[in-house]
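Breakdown of the fold
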Amino acid sequence: GDPHRNLRIFEKLIARGQPLCPREQFYYARELFWHGQYEKAAQVLRTFLDGGLKQAFQPVLPLLSKARLSPKRERRAFGQKREPSDEMAACPDHP
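The following refers to the structure shown.

Procedures and definitions
- Within each chain, residue numbers correspond to sequence positions counted from 1 in written order.
- Only residues with pLDDT of 70 or above have their local features reported here, since the model is predicted, and side-chain atom pairs are shown and tallied only from 80 upward, although totals for entire chains, interfaces and linings are computed over all residues.
- Side-chain calculation: all heavy atoms of the structure are included, whereas hydrogens and water are not.
- Numbering of helices and strands starts at the N terminus; helices are DSSP runs of H or I of at least 4 residues and strands are runs of E of at least 2.
- Any pair of residues with heavy atoms lying within 4.5 Å of one another is described as a contacting pair.
- Accessible areas in this description were obtained via Shrake-Rupley with a 1.4 Å probe; residue shielding takes into account the shown protein chains only.
- Remark: exposure states derive from per-residue accessible area (1.4 Å probe, protein chains only) relative to the maximum for the residue type, with buried under 20%, exposed over 50%, and partly exposed in between.
- By convention a nonpolar core is built from buried Ala, Val, Leu, Ile, Met, Phe, Trp, Tyr and Cys residues, the set being connected through side-chain atoms within 4.5 Å.

**Quick word on the overall build of the protein chain**
- The helix and strand inventory of the protein chain stands at six helices and zero strands.
- Starting at the N terminus and ending at the C terminus, the protein chain contains elements arranged as α-α-α-α-α-α.
- Residue pairs in contact within the protein chain that sit at least 24 positions apart in sequence constitute 27% of those at least 6 positions apart.
- Counting only carbon and sulfur atoms, one obtains 57% of the accessible surface of the protein chain, whose full area is about 8100 Å².

**A word on the environment of Ala 29**
- Its location among the elements puts Ala 29 in helix α2 (residues 22-34).
- On the basis of relative accessibility, which here comes to 6%, the residue Ala 29 falls in the buried class.
- If near-sequence neighbours (up to four positions away) are discounted, Ala 29 is found in contact with Ala 41, Val 44 and Leu 45.

**What about the nonpolar core?**
- Among the nonpolar cores identified, the biggest contains nine residues, and these are Leu 7, Phe 10, Leu 13, Leu 20, Tyr 28, Ala 29, Leu 32, Ala 41 and Val 44.
- For this core, the elements supplying multiple residues, two or more each, are α1 (5-15), α2 and α3 (38-57).
- Setting aside residues up to four positions removed in sequence, Ala 41 forms contacts with Ala 29, Leu 32 and Phe 33.

Structure, rendered in structure tokens:
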């Protein structure tokens, strides 16, 4: 197959002035990266993260704020069987 097919499809959409939905932004950035266009890939990915990602999750944000799980149920929901280790608790990313 043609390794440039997907990239050309996205570039045609953009040339026609069609805005990319969040999913398309992500895949376009990935295609740019795979084709060595790192700066442009970073720009598209920033656009996705700044707007597209928020837009994609906007409908579920109110549900997430209401669906606070107990710590035990939260661990179970994410497949954790026990309390996080002391090492994880000391990590700044894991309060």
